[in-house]
Amino acid sequence: MTAIRPRAGIGGVGESAPRVDGLPKVKGEFEYASDLRREGMLWGETLRSPHPSARIRSIDVSQAAVRPGVRAVLVAADVPGRPRFGLDVKDQPVLAAEVVRYAGEPVAVVAADSQEAARQAIRAIAVDYEVLQPLTDMEAALHPDAPRVHPGGNVVRDVRILHGDPDAAAEVWVEGYYETGMQDQAPLGPEAGLAVPAVDGGVDLHVATQWLHADHEQIAPCLGLPEEKVRLHLSGVGGAFGAREDVSMQIHACLLALRTGRPVKMAYSRPESFSGHVHRHPSRIWMRHGARRDGTLVVVHARLLIDGGAYTSTSPAVIGNATTFAAGPYDVPNASLHGTAVFTNNPPCGAMRGFGAVQACFAYEAQMDRLAAALYMDPLALRLKNAMRPGTVMPTGQVVGGSAPVRKLIQGCAAMPLPPEEAAGGRDPIRLPGGAGNTSRGEGLARGAGYAVGFKNLAYSEGFDDSSQAWVRLSRDGQGAMAEVKTAAVEVGQGLDTIVAQIVRSELGVERVVQLPPDTAIGSAGSSSASRQTMMTGGAVQLACQAVRAELEARAGHHEVPDLIEFLDSPIEAVRTFHHRPTRALDGTGQGEPHVAFAFGAARAVVEVDRDLGLVRVVQLAVAQDVGRALNPQSVLGQIEGGSAQGLGFALMEEIDLAGGLVRNASFTDYLLPTTLDMPPVVSLLVEEPEPGMPFGAKGVGEPSTVVVPAAVVAALRAATGRALSRAPVKPDDLVGLRTFPGYRPPP
Amino acid sequence: MIVRLQVNGARREADVWPGTSLLTLLRDHLGLYGSKNACEQGECGSCSVWLDGELVCSCLVLGAQAGGREVLTVEGLNLERQAGAVQAAFVEAGAVQCGFCTPGFVVAVTDLLSNDPAPSEASIREALSGNLCRCTGYAKILDAVNLAAGRLRDSPA
Ligand code: FES
Ligand code: FES
């Protein structure tokens, strides 16, 4: 008989409770969106533009439509409702009508009896394009004579932040120019879903997404259906990292299902997945830091440019982040920060883990090292001297509230044990740069260590109220007490479902927690992004549990009983919504209170470089992270390690290779992800200072390691080679000096 | 074309287009969705199965090549002692996040431990270098391998 009694050991908050979905996943029984199937289901496929910029003269689908097994071929004219979608700005055509703005843009969709038949039909569609000169350079996009990607011009958003006296005089100046590449989220589960037409003329969509309600709000108007006739159900999600924040196949599958009256499945192949979602914005960043001789920061000037590609997506928020974070987690009394996101004919960029904070950190931490060198100062001492703390006024005028243990993180990170030195000779080749390929024998080996400190906002910023709703029901049956929970929050792999169960166990004292499948029948939970679900949906679940518990205690009155289950003759349920504290958008000079809270991190990387061959082995990563309170320590460590791997990939190998707007490496053969041979051991330190206003004091934990690890790895490479290395990812050519990256040049 | 093969101990047949991979045959024709399709190019290991006892990427094998042969997939593993220890270790060590890579890792680790019950860290890293995981950074996967290997050594069948 399960009782109602909060106690340790039942898998509550603070324990490393095993994942609720662990067993089905190890057995291969967990159903992902790409595994969905229905009797009589059709397969959908997408025809995409091969050109980054072109006018569509005509589309002839007649050959495709008569192919065996083909049930529908749809073009822009077949979209019954609003022709465009988008997370905030609805500027992305469901299917391109007159022009295409990037290579990979959807032009037509097909439903057929088999995937092979659908693929062949796609190839039989004839599109007559007038090919135009694409705009593919983010600086060129700012030129007054540049071709306009959209009628309103090429600026997605321009953010200017003026703080204190930007003309303040300093004794020591350093300046630098930095670039970062376009990274792909590469979740292993491809974009997929199944649309099932319903008897009421509506449609049920089962899909892998990050935010059911944002999809819903975009899909229904395009289908020309009232919202209640479009129902979204979460399917198994094989990772996300921002890639599922924008709509991909959702509207297409629904259109095909409604047209054919049959269930339609769409599942992207890996090459198509590279076109099917947005990427991390490439950036160009100019920075100038001024300090006093004792190392006190006086002023930061920054100019940031990010390439948003062809459509708006989340570029406004990404450039908002990059610009508001450009001075780093430091006390900077004067600043002039100017960020611009532009449109080009490159693939659209949007959300990826770290969301604008990664690019900024790469630049400001390189600057801090440069400044330390100019001052003959220890780089850690310089950071400690200027570290942000509660009460620090940020360049936006926002005062850092909540916890900000930056000094503790820096000291804790530096105190973690260094890996032992190893002699180059006699090693297993796997422990040499280049690894098992046996390309280095250890000559010319140099070791280096580098540090980086950074931060990331938690939850949505700039006035957004990304609340989350939860329903909780407490009842009893023959086996005792049971709590049921429902939210629309998406488990993408981060461990949210387990955290929710832990919160319920702690708040209600029941072991048996049943989670109902997320769908759009309940209120929005907001997105599984911005490190926000543990706080937001965790907060909603906590509030609902507290309401249920209050009712149960009211029923019990003053009776002293060992087990409140006696008072559960009828179930108790509650629905609650959690809001974070309000934030304020930036005004014309970039002043406001844009962010809810911050999570800080510090990383140290130790690398070995073969200086003749330009090969790298990362020996160890040490990450100290500000987590508020670790609700599930094992899961927090897993987030830090996984985030570190994505940071290492960003620093060393991961980049979408673009030539004239065309992606040249849309496969795992050519786009390299870190493997077991690339990832070193990660040692982590959790700094727990509870965040006020968040459930149990928890902070989101998904992003800080991804923010700081790239900057730390490249700092270590600089230390090992003595080269400037101002572009990530760092390639072997950079390390041996075959590619010298331009030094400082004036900003646009 | 009709392909007849043994899958997880049972005789199965599928009517497939000649270009169909063993992975697609398993998933879309036999309904065995445990093997995953993250790349279909031999780069990620999420589709790992045994073909006549040999570990292969099923996306790189033609369905027709498996005709008359014996295939063992993650779904066929559940009762085996070694695989059971690997699966339990993955859950306990926190080696599962989104889980899309997990069936492939479970198969690859089971194969590794049946050939080498006490693998060194270097040989674990090398043996698993063909399996991509985008979520975990591999640390907890390596922990799971060591946990499973230790338990299997401590309690030999
Ligand atoms: S799907 Fe077979 S190796 Fe990736
Ligand atoms: S757990 Fe998500 S890819 Fe490995």
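Note that the structure is a prediction, hence the values are computed from the model and not measured.

**Q** For this particular structure, what's the right way to read the domain arrangement of chain A?
**A** Interface extent is often summarised as the accessible area lost during association of the parts. Residues and elements named next belong to chain A. Segmentation of chain A into domains returns domain 1 (22-30 + 467-579), domain 2 (33-133 + 190-237 + 244-276) and domain 3 (401-458 + 597-736). Using C-alpha coordinates to define each centre, domain 1 is positioned 35 Å away from domain 2. Contacts between domain 1 and domain 2 engage 17 residues on the former and 15 residues on the latter. Counting each side, the surface lost to burial between domain 1 and domain 2 is near 1200 Å², with a carbon and sulfur contribution of 58%. If you look at where domain 1 meets domain 2, you find 0 salt bridges. For the pair domain 1 and domain 2, the number of links is 8 residue pairs in polar contact (both at pLDDT 80 or more).

**Q** Could you clarify how one ought to interpret the sheet that holds strand E5 (residues 70-72) of chain B in this entry?
**A** Sheet strands pair via backbone hydrogen bonds, and the direction of the pair is either parallel or antiparallel. Residues and elements named next belong to chain B. The sheet built from 5 strands is open, its strands ordered E2-E1-E5-E3-E4 with mixed pairing. Of all the strands in the sheet, the pair left with one neighbour each is strand E2 (10-15) and strand E4 (54-57). In this sheet, adjacent strand axes meet at a mean angle of 40° when their direction is disregarded. The sheet contact formed by strand E1 (residues 2-7) and E5 spans 2 bridges and is parallel.

**Q** Looking at this model, I keep getting lost on helix H4 (residues 212-223) of chain A. Mind explaining?
**A** Residue and element names in this part refer to chain A. With 12 residues, H4 should reach 16 Å at 1.5 Å per residue; the first-to-last C-alpha distance of 16 Å fits that figure. Where burial is concerned, most of H4 is hidden: 10 out of the 12 residues are buried. For H4, the full list of buried residues reads Leu212, His213, Ala214, Asp215, His216, Gln218, Ile219, Ala220, Cys222 and Leu223. Packed against the buried residues of H4 are strand E4 (84-85), strand E12 (203-207), strand E13 (230-234) and helix H5 (250-260).

**Q** Teacher, can you tell me more about the sheet that holds strand E27 (residues 682-687) of chain A here?
**A** Residues and elements named next belong to chain A. With mixed pairing, 4 strands are arranged side by side in an open sheet as E18-E23-E24-E27. For this open sheet the edge positions go to strand E18 (445-458) and E27, each flanked by a neighbour on one side alone. Strand-to-strand, the axes of this sheet are offset by a mean angle of 15°, without reference to chain direction. Examined bridge by bridge, strand E24 (residues 615-626) and E27 share 6 bridges and lie parallel to one another. In the strand pairing of E27, Asp626 is matched with Val687.

**Q** Before we go on, may I ask you to explain the pairing of strand E17 (residues 334-342) of chain A in this structure?
**A** Each regular strand carries side chains that alternate between the two faces of the sheet. All names here are of chain A. Counting buried residues along E17, 8 of its 9 residues qualify, which places the element largely inside the surrounding structure. Examined bridge by bridge, strand E9 (residues 155-163) and E17 share 8 bridges and lie antiparallel to one another. By the bridge assignment, Asp158 is partnered in E17 with Thr340. The pairing of strand E16 (residues 297-307) with E17 spans 9 bridges and is parallel. Along E17, the bridge assignment pairs Val300 with Ala335. Running through helix H7 (residues 315-324), the crossover from E16 to the neighbouring parallel element E17 is right-handed.

**Q** Would you mind going over the packing of aromatic side chains with me for this structure?
**A** All names here are of chain A. All chains considered together, the criterion is met by 15 aromatic pairs over all chains. Taking 4.8 Å as the distance between ring centres and 40° as the angle between the ring planes, the aromatic pair formed by Tyr177 and Trp286 counts as tilted. Here Tyr177 is found in strand E10 (residues 172-180), whereas its partner Trp286 is found in strand E15 (residues 283-291), with 109 residues between them in sequence. Judged by its relative accessible area of 2%, Trp286 falls in the buried class. Both rings, one in Phe325 and one in Phe598, keep their centres 6.4 Å apart while their planes meet at 75°; by these two values the pair is edge-to-face. One end of the pair, Phe325, is in the loop between H7 and E17; the other, Phe598, is in strand E23 (residues 597-610), and 273 residues separate them in sequence. Of the two residues, Phe325 and Phe598, both sit in the buried class. Of the aromatic side chains, those joined through ring pairs into one cluster are Phe325, Phe455, Phe598 and Phe600. The ring of Phe650 has Arg280 sitting right over it, with the charged end atom 5.3 Å from the ring centre.

**Q** Sorry if this is basic, but what is going on with the packing of helix H2 (residues 81-93) of chain B against helix H5 (residues 139-154) of chain B here?
**A** All names here are of chain B. H5 packs onto H2 with a crossing angle of 135° between their chain directions and a minimal axis gap of 8 Å. What the angle tells us is that H2 and H5 run oblique. The two elements H2 and H5 cross, and the hand of that crossing is right-handed. Contacts from Arg81, Gln82, Ala85, Val86, Ala89, Phe90, Glu92 and Ala93 in H2 reach Lys140, Ile141, Asp143, Ala144, Leu147, Ala148, Arg151 and Leu152 in H5. Considering only residue class, the contact of H2 with H5 consists of 10 nonpolar, 1 polar and 5 charged.

Conventions we followed
Residues numbered from 1 in each chain as written. Chains lettered and ligands numbered in written order. Predicted model: local features only at pLDDT ≥ 70, side-chain atom pairs only at ≥ 80, totals over all residues. Heavy atoms only, no water. Domains from an automatic or database assignment. Contact = heavy atoms within 4.5 Å. Buried area = accessible area lost by both parts, 1.4 Å probe. Salt bridge = Lys/Arg side-chain N within 4 Å of Asp/Glu carboxyl O. Polar contact = N/O pair within 3.5 Å; in protein donor to acceptor, adjacent residues only side chain to side chain. Pairing = 2+ DSSP bridges. Helix = DSSP H or I, 4+ residues; strand = E, 2+ residues; numbered from the N terminus. Axes fitted to C-alpha atoms, helices over the stretch in contact; angles between N-to-C directions. Expected span 1.5 Å × (residues − 1). Buried < 20%, exposed > 50% of the residue type's maximum accessible area, 1.4 Å probe, protein only. Right-handed = clockwise from strand over helix to strand, strands pointing away. Phe/Tyr/Trp six-rings, centres within 6.5 Å; stacked < 30°, edge-to-face > 60°. Lys NZ or Arg CZ within 6 Å of the ring centre and 35° of its normal. Parallel < 35°, antiparallel > 145°, perpendicular 65-115°, else oblique. Left-handed = near helix turned anticlockwise from the far one by under 90°. Nonpolar A, V, L, I, M, F, W, Y, C, P; charged D, E, K, R; others polar.

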